[in-house]
Amino acid sequence: MAETKREIERKYEATSGTRVPDLTRVPAVAEVVDRGVMELDAVYYDTPDLRLAADSITLRRRTGGSDEGWHLKFPVASGIRDEIRAPLADTLPGELAGLLRSRVRGGEVVPVVRLRSARDVRHLQAADGTLLAELSVDTVHAERLPGGAAAGWTEIEVELADDADAAEGADEAILDAIEKRLGKAGIRPSSSASKLARALTETAPPQEPPGEVAGSGAVVGGAGRGDGGGAPGTAGHAVLAYVRVQADAIVALDPAVRRDLPDAVHQLRIACRRMRSAFKTYRKVLDRDVTGPVGAELKWLAGELGVARDQEVLTERLRGRIDALPRTLRLGPVRGRLRSWSAARARSGRRRALAALESARYLALLDTLDELLADPPLRGSAARDARAVLARAVLKDHDRLTARVDRALALDPGRDLDVALHEARKAAKRVRYAAEAATPTLGKPARKFARRVKSVQSLLGEHQDGVVAREALRELADQAQTAGESAFTWGLLHGREEAAAAAAEGELPGAWAKASAPGIRAALTR
């Protein structure tokens, strides 16, 4: 079973003659304990075109030391990575292979670098013996595989101990203080983000183009990074830049969804929706005969992921409603019933999401996105000035939203109004995404436009969440009654959801007036 560790570390340049200064002069460090030298032997794996390294991801099989095994590292922030560890085995464990699926696809990872290190370890401890950080002086020998060039260097690595990270902000304080002390001794931060980055740079084959290093030392140019789409300033260039960001987000968020990280499913769904929206809004830039089927697959993926996410949102809403009630109005085991009702649906949704990510259909979608970006289906408007084309497309979507809102505002409360407001919500989301896509081109007017429309979308979203909540409350009331429990609380909550919906309907005209003001629209075309 794989386990995850948050790795917070800093690296520094060194030579074989570098002397580490007395670190007991660092605040909080009372003792430096020599832990001896350990021999580490690690083989790093990647795709033949170094897709993992291009995204600052490292995969290695390491022997020696206290944590030998398979290690997969994902960047979190500068100097911070999540390390997923699996036991030592001859082949890549399936759990780690799944986390790489969106990048590796149907291919395989192969050995690219071998690093053998002599690690001289020192523990930096507090007065009570708590381990604050581990400092190591690493003498590294790197070899490009198979049978490539070799390189060697010495570096210092300081990693925050797990115990030291217990207090918020402690990581920065301790590591900053150590870095200041090292700096006074003339020891400077490393120019490479990782050992692998340095090894790939220093052992690169002569025939390999220099390229642009993407943090890891790997040459950018792997799958999904085509730069076709016209000259800067054209509509094609602007729209494809936005689509490319969403495609990269899908690939990057895949392992986060598999790891069940907070908000990962939500963000992946948003990337799918943004891309679908761009295909529809900018159909005069990208040929809908080509993007239409791709959009249908994105809709499928978002739908498969949405079961788990929608259940999570609904549960949080109902739990909040229950918590807000006085105890005298919570009749029966309402919290327990909500918990069991939600858990069953959450498990089902999670299984459905993971099954989608493991499917051949999903991998085919990722390949199709790569192909689309490498050879984009541009139409005539793609070569035109981006400002004019994008502004016109955004306003056209806004006209569509206007028609839906006007229709909804003319209806009386009831089922027809609920449906009309839901359709308006989807249209508002499309306008917002269109304006966000246009913001790099149109600047502040588009950003303000998107913000105004988002306020309408949020109001409509609150209304739709209430519609869904009322349906769930009716189901929970039926279950409670069947089990011989009181259905009073569920009925009370149903009534409160109806009142909240009525309040949202009452706020809509004012919010819509701000989002549809002539001045807001006119600013886009100035």
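Worth saying up front: this structure is predicted, and the values here are computed from it rather than measured.

Undergrad: How do you make sense of the nonpolar core when you look at a structure like this?
TA: For soluble globular proteins, nonpolar side chains are generally found buried alongside one another. Counting 78 residues, the largest nonpolar core has Ile250, Tyr282, Leu301 and Leu390 as its most contacted members. In terms of residue count, the dominant contributor to this core is helix α12 (residues 415–442) (13 residues). For Leu390, the contacting residues outside a window of four places in its chain are Ala235, Ala238, Val239, Tyr282, Ala437, Ala438 and Thr441.

Undergrad: Would you explain the sheet that holds strand β3 (residues 58–63) in this entry?
TA: In any sheet, the strands associate via hydrogen bonds between backbone groups, in a parallel or an antiparallel arrangement. The eight strands are arranged β1-β5-β4-β3-β2-β6-β7-β8 in a closed barrel whose pairing can be described as antiparallel. Pairs of neighbouring strands in the sheet enclose a mean axial angle of 35°, with direction left out of account. Direction of pairing for strand β7 (residues 131–144) relative to strand β8 (residues 150–160): antiparallel, over a ladder of 11 bridges. By the bridge assignment for β8, His141 is matched with Gly152. Sitting on the sheet, helix α5 (residues 195–202) is in contact with β1 (3–14), β2 (31–46), β3, β6 (110–125), β7 and β8, with an inclination near 135° to β6.

Undergrad: Which parts of the structure should I look at to understand the pairing of β3?
TA: Two faces belong to every sheet, and in a regular strand the side chains alternate between them. As judged from the five bridges shared by β2 and β3, these two strands associate in the antiparallel manner. Across the sheet, residue Tyr44 finds its bridge partner in β3, namely Arg60. Here five bridges tie β3 to strand β4 (residues 69–77), and the two strands are oriented antiparallel to one another. Its bridge partner being in β4, Thr58 is matched across the sheet by Lys73. Linking two consecutive strands that pair antiparallel, namely β3 and β4, is a turn of five residues; a positive phi of about 95° is found at Gly64 within it.

The rules behind the values
- Residues numbered from 1 in each chain as written.
- Predicted model: local features only at pLDDT ≥ 70, side-chain atom pairs only at ≥ 80, totals over all residues.
- Heavy atoms only, no water.
- Core = buried A, V, L, I, M, F, W, Y, C linked by side-chain atoms within 4.5 Å.
- Buried < 20%, exposed > 50% of the residue type's maximum accessible area, 1.4 Å probe, protein only.
- Helix = DSSP H or I, 4+ residues; strand = E, 2+ residues; numbered from the N terminus.
- Contact = heavy atoms within 4.5 Å.
- Pairing = 2+ DSSP bridges.
- Axes fitted to C-alpha atoms, helices over the stretch in contact; angles between N-to-C directions.

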